[in-house]
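Each chain, letter by letter, is given below.
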Protein chains: 2
Amino acid sequence: MADDARHPYRWGYADTRLEFDGPRSVRMTGTRYPLSGQSMPHLLPYVEQMLGLTLDAASIRPDSTPSVPAPQLDPALMAALERLLPSERRSTDPRARLSHSHGQLAIGEIDRLVYGGRIARVADVVVEPIDEEEVRAIVAAAVEHDACLVPYGGGTNVSGALMYPEDEARTIVSMDMRRMRRVLSVDRANGSALVEAGISGTDLEAALGALGYTCGHTPDSMEFSTLGGWIATNASGMKKNRYGNIEDIVVEATLVTPAGTVETRRPAARTSTGMQPLSLLFGSEGNLGVITKALIAIHPKPETCRYGSIVFRDFADGVAFLKEVRTAGALPASIRLVNNREFRLGQALRPASHGLHAWKSALQRQWLFGVLGFDLTTLAACTLVMEGTPDEVARQERELRRLAKRFRAVWGGEENGRRGYLLTFAIAYLRDFMSQVGVVAETFETSVPWDRIEEVCGATERALASECAARGVVGQPYLSYRVTQTYHTGVCIYFTMAFSGHGLADPGSAFHDIEQTLRQEILDHGGSLSHHHGVGKLRQRFLPQVHSAAGLRLIRAAKSAVDPGNTFGIGNGACGR
Amino acid sequence: MADDARHPYRWGYADTRLEFDGPRSVRMTGTRYPLSGQSMPHLLPYVEQMLGLTLDAASIRPDSTPSVPAPQLDPALMAALERLLPSERRSTDPRARLSHSHGQLAIGEIDRLVYGGRIARVADVVVEPIDEEEVRAIVAAAVEHDACLVPYGGGTNVSGALMYPEDEARTIVSMDMRRMRRVLSVDRANGSALVEAGISGTDLEAALGALGYTCGHTPDSMEFSTLGGWIATNASGMKKNRYGNIEDIVVEATLVTPAGTVETRRPAARTSTGMQPLSLLFGSEGNLGVITKALIAIHPKPETCRYGSIVFRDFADGVAFLKEVRTAGALPASIRLVNNREFRLGQALRPASHGLHAWKSALQRQWLFGVLGFDLTTLAACTLVMEGTPDEVARQERELRRLAKRFRAVWGGEENGRRGYLLTFAIAYLRDFMSQVGVVAETFETSVPWDRIEEVCGATERALASECAARGVVGQPYLSYRVTQTYHTGVCIYFTMAFSGHGLADPGSAFHDIEQTLRQEILDHGGSLSHHHGVGKLRQRFLPQVHSAAGLRLIRAAKSAVDPGNTFGIGNGACGR
């Protein structure tokens, strides 16, 4: 099966994990990331300080082996699939079935697989089409034999979108799209490419990069998540200021449904041809059919890519700066602001420094805290990615430096910016390590109007503290956040939360309740249900607070129109049971 | 009824029209536009040269008075409307009914009203709600009494979207939304405003302008078209590079349908909350319900607004320049390129020049054609609108001037740019004048990939010539075009066509056939069905070439879900009968 390098359940690559390399020190294994191979002596102390508890190697929980029930196989369906696909692209192997039966929710998916030993419902058979014709044939077979068909891309969703309905009695066929990863054509004159939907972000950038192009879509999950998954989840990328979010990038897409293929015959840069079926693909979360290919905007690779960082006295200064940058006409490809705790978490992930480097660091610290009077417990920091022509990048940096001064900030240099930006990909492994030592950790996100940022973050922080106190959580909970995207009318906030599971009867269930309470708190204070993670199963019960009844009816009617038999029965969002 | 200053049928204001002010000279009446009150001696000669015929005042066709059939009024419905609305906001007056029964198609609407004396189906009663509660009550009454309800905004559509189905047996209620024109709230902190959907572009800009803001949406029709109409048509504005098209401007909108209100409770800058009902409002063309209000992005009025113009040796140079501008990072709010004929049409609309001005013009022409060697019969020109801070505008102009040089072009100055931009609003009156002298004239548009611009324009030109020749059109047809919008993967092309109707048995029907032939030609060469005019009735038969059957099914299911009884029975686009 595709992508053997990945861990079958946990986030990311099998060769990469955090582990104790001494009683008080942690290192990242493998060689894939800047952090890899380095010993990090500051992480444990920081986590212990934040959570008010003590961690050690002895507390590592052992992995269990998940049990996989026998598949429920409809013989007629299996015979049909046998006719359609060679055996190497059909599997009922328990490991393959299991790895296609979950996303990446720390609580509810990964914890159940790694420590609970089972998940509610496992796919019965995994198929791997290689082209659209096969996809159509598989869909037709699923309809004919009343199977439940579920498209599978990178398996990185964190909304429970890949949790199969527990009571699904039909044979569940997981359709792994990752063999469909060809760039079918490149239109240099018009800056677009037709690409199969199973391609991962990394593979897409490699393929386009070889031709001198980039798509520019850079979600945190881009190593694994796929084009089709991006559309189905309405994904957002770190460099959206330059390249757009997925809805800006996709010119047209093809959706294969039980009622036929939904597509636009004459895709154009922009049209007014009545209501657009394409618009419903964004956020469709596997409910309507399977996305097989998309026409996407591509751009010549930027001549220059420069990182940068800025240190602010506090988060509020940083937010004010971000807002000003939007109107100054010098928006970099990526601009992200971490709050104080998240900044210090980034610092805690540094390797031990020695010699000249340690001396330079000490000097920098002396300058920042001694001379300029910054406070380590309030400062916040921004990472920047600037792309374009050398002129464009130089102008952006000039403008950003000028604005930074106005907001009492200090230019933190390129290396810190690069490190902060790339940390995104490595930090995902931290969650699973925390879980091993009994700390419940997860991320979640929302979008909020500019003037509600403080309110939403504050309310979330207070709600988490009181929920944990009420449940007798040991020590105190941790909440950090960053502004990852800015828009004209608001921003995306990305939270990281953690608390000790020690002593709780059911840490997973406590987490679930707390998470739902926090979401309600976010909604009550003007935040959205999700900026880019989606609804899946996790946020389903909040939908009536978001869409009016008539709006939900409209969505469900669209579903019924193209999938009257609920063949695509994954039941996400408004299409839940 | 709202907007008494408008002509009841023709485009625009009643006080503004083109008329002969001498045997060989034309002037624009009124005082509303820069052209108003000026005698234009060059227009007739240009039109005669282009069309190969002679025009004179004696050929003016007199207007007829359209006959209006008696209304078909369901007494129970009328009683319900009487209970809901005071008499001054209900009307069965023939003139009011007629003015609510057409858009602005030159052929098929205006010609039938002004010369044909009748249109197929006229609204039976016009109602004018003042708030959303009244709208809901009217919708409920229409459902209860099985009426056909049609939202009415500015009445400016040019796709037959307001043509009532000829066989509509139910009472047709035209719901004029223009009394709902309040700015309900302004959120300065987050750059948005909640606005009632019946507001016109001019009124919206005036209301926001008084507060220091602009919405920036500037369709050619902005004097009359409404916010609700923009959404329903998926409108595009001249300054979309800075402010976006309507789908970029609208954060959230409210749609009242027979099944209830479709809206998002927690609008946010960007979300991933599953499929978005809002997305179907764009291009809904009155099929789903009535749009009552929208949350839109607003921007502080730009400190500086500067016009500019550039003259190119030919259209191809201009296109290459436009493409380069998109990647140079100095995109002005508006940039539009007219082809040679359209440039000369603009020149033909100049008043007679005398004294110093004439001398200066002559000198400029000598420079351009004599010294630089430009050819009057091949050159093309660009008008620019730059907005922003003084710095931003200065930087844009610097960059544009630098690029212009690379494309062998000459900076044509601010006054020509302003004139070219503002001509848009006045030129609409030309069409009706041409019609008076027996020339069939209309505009139409499409979007095409960058590398198909020449092909689509050429194919359209050739098809028009051969169609006219085959029909024995006197003289030769006229086709000019401009690039009005640029995007990453393509552009919008806006065509103006005209030919003599003299001697044709049925000029309107000839036009209709030719127009449909040209559209097919455009589609066959890679153009789209429409960039911003919409489908309405005019382009309905081409829809199966655009959307797959499953896509159309999805759209119709959405319609049925919120309007099962087809109360909103205008039958546009995919919802036609």
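Below: a short report on this structure. (Residues numbered from 1 in each chain as written. Chains lettered and ligands numbered in written order. Predicted model: local features only at pLDDT ≥ 70, side-chain atom pairs only at ≥ 80, totals over all residues. Heavy atoms only, no water.)

## A closer look at the sheet that holds strand β11 (residues 250-257) of chain A
All names here are of chain A. With antiparallel pairing, the five strands of this open sheet are ordered in space as β8-β9-β13-β11-β12. Of all the strands in the sheet, the pair left with one neighbour each is β8 (183-187) and β12 (260-262). Here the strands of the sheet are splayed against their neighbours by 10° on average, with no regard to which way each runs. Examined bridge by bridge, strand β9 (residues 192-196) and strand β13 (residues 290-297) share five bridges and lie antiparallel to one another. Bridged to glutamate 196 within β13 is lysine 293. (Pairing = 2+ DSSP bridges. Helix = DSSP H or I, 4+ residues; strand = E, 2+ residues; numbered from the N terminus. Axes fitted to C-alpha atoms, helices over the stretch in contact; angles between N-to-C directions.)

## A word on helix α5 (residues 132-144) of chain B
The terminal C-alpha atoms of α5(B), which comprises 13 residues, lie 18 Å apart, in line with the 18 Å expected from a rise of 1.5 Å per residue. Every buried residue of α5(B) is accounted for by Glu132(B), Glu134(B), Val135(B), Ile138(B), Val139(B), Ala141(B) and Ala142(B). (Expected span 1.5 Å × (residues − 1). Buried < 20%, exposed > 50% of the residue type's maximum accessible area, 1.4 Å probe, protein only.)

## Points about the interface of chain B and chain A
Each side of the interface is counted separately: chain B has 80 residues, and chain A has 80 residues. With both sides pooled, the region where chain B packs onto chain A buries about 6300 Å², and carbon together with sulfur makes up 56% of that total. Three residues stand out in chain B for area buried against chain A, namely Arg266(B), Arg270(B) and Met275(B), and they jointly supply 15% of the buried area on that side. Linking chain B with chain A are two salt bridges, by the criterion used here. For Arg270(A), the salt bridge goes to Glu247(B), with nearest N and O atoms at 2.7 Å. (Contact = heavy atoms within 4.5 Å. Buried area = accessible area lost by both parts, 1.4 Å probe. Salt bridge = Lys/Arg side-chain N within 4 Å of Asp/Glu carboxyl O.)

## Quick look at the environment of Val290(B)
Residues and elements named next belong to chain B. With respect to the helices, strands and loops of the structure, valine 290 is situated in strand β13 (residues 290-297). With relative accessibility at 1%, the residue valine 290 sits in the buried group. For the pair valine 290 and aspartate 146, spaced 144 residues apart in sequence, the C-alpha separation works out to 16 Å.

## Regarding helix α6 (residues 201-209) of chain A
Residue and element names in this part refer to chain A. Along α6, the positions that sit buried rather than exposed are Gly201, Leu204, Leu208 and Gly209. End-on, the buried residues of α6 take up no more than an arc of 125°, which puts them together on one face. Looking at the packing, one finds that the buried side of α6 touches β9, β10 (213-214), α7 (227-233) and β13. (Arc of directions from axis to C-beta.)

## Thoughts on the pattern of salt bridges
Under the definition given, this model contains 64 salt bridges over all chains. Among the ionic pairs, Glu48(B) bridges to Arg24(B), the shortest N-O distance being 2.4 Å. Placement of the pair is Glu48(B) in helix α1 (residues 43-51) and Arg24(B) in the loop between β1 (18-22) and β2 (25-28), with a sequence separation of 24 residues. Between Arg452(B) and Glu455(B) there is a salt bridge whose closest N-O contact spans 3.9 Å. Accessibility expressed as a relative area gives 31% for Arg452(B), which makes it partly exposed. Among the charged side chains, a salt-bridge network with shared partners connects Glu132(A), Arg136(A), Glu263(A) and Lys293(A).

## Points about the relation of the copies chain B and chain A
Placing chain B over chain A gives an RMSD of 0.0 Å and needs a rotation angle of 180°, together with 0.0 Å of translation along the axis. Within this description, the copies of the chain are treated as partners about a two-fold rotation axis. A share of 100% of the interface residues of chain B reappears at the interface of chain A, consistent with the copies meeting face to face through the same patch. (Least-squares fit on C-alpha atoms with pLDDT ≥ 70 in both.)

## Observations regarding the side chain of His100(A)
Residues and elements named next belong to chain A. Counting through the fold element by element, histidine 100 comes out in the loop between α3 (94-99) and α4 (106-116). Within the structure, histidine 100 has its side chain in polar contact with the side chain of serine 99 (distance 3.4 Å). Contacts of histidine 100, omitting those with residues within four sequence positions, involve Val126, Tyr152, Tyr164, Ser174, Asp176 and Arg178. (Polar contact = N/O pair within 3.5 Å; in protein donor to acceptor, adjacent residues only side chain to side chain.)

## Some details on the nonpolar core
Within the largest apolar cluster, 86 residues are counted, with the highest numbers of intra-cluster contacts made by Ile231(A), Ile296(A), Ile231(B) and Ile296(B). Leave out the neighbours within four places in its chain, and Ile296(B) touches Gly191(B), Ser192(B), Ala193(B), Val195(B), Leu204(B), Cys215(B), Leu227(B), Ile249(B), Val250(B) and Val251(B). (Core = buried A, V, L, I, M, F, W, Y, C linked by side-chain atoms within 4.5 Å.)

## Re the sheet that holds strand β18 (residues 410-411) of chain B
Residue and element names in this part refer to chain B. Across the sheet, seven strands lie side by side as β18-β15-β17-β16-β20-β21-β19; this open sheet has antiparallel pairing. Because the sheet does not close on itself, it has two edges, and the strands there are β18 and β19 (439-449). As paired elements, strand β15 (residues 304-312) and β18 share two bridges and run antiparallel to each other. Paired with isoleucine 310 across the bridge in β18 is tryptophan 411. Where helix α11 (residues 315-327) meets the sheet, it contacts β15, β16 (334-338), β17 (380-388) and β20 (478-486), and its direction lies at approximately 165° from that of β16. In the packing of helix α12 (residues 340-348) onto the sheet, contacts are made with β16, β17, β20 and β21 (490-500), and the angle to β20 comes to roughly 100°.

## A few points about the environment of Ala465(A)
Within the element layout of this structure, Ala465(A) appears in helix α16 (residues 453-470). On the basis of relative accessibility, which here comes to 38%, the residue Ala465(A) falls in the partly exposed class.

## Overview of the pairing of β20(B)
Each regular strand shows side chains that alternate between the opposite faces of the sheet. Residue and element names in this part refer to chain B. The element β20 is extensively covered by neighbouring structure, given that nine of its nine residues are classed as buried. Sheet analysis places β16 next to β20, joined by two bridges and oriented antiparallel. What sits directly across from valine 338, in β20, is arginine 482. Inspection of the sheet shows β20 paired to β21 by eight bridges, in the antiparallel sense.

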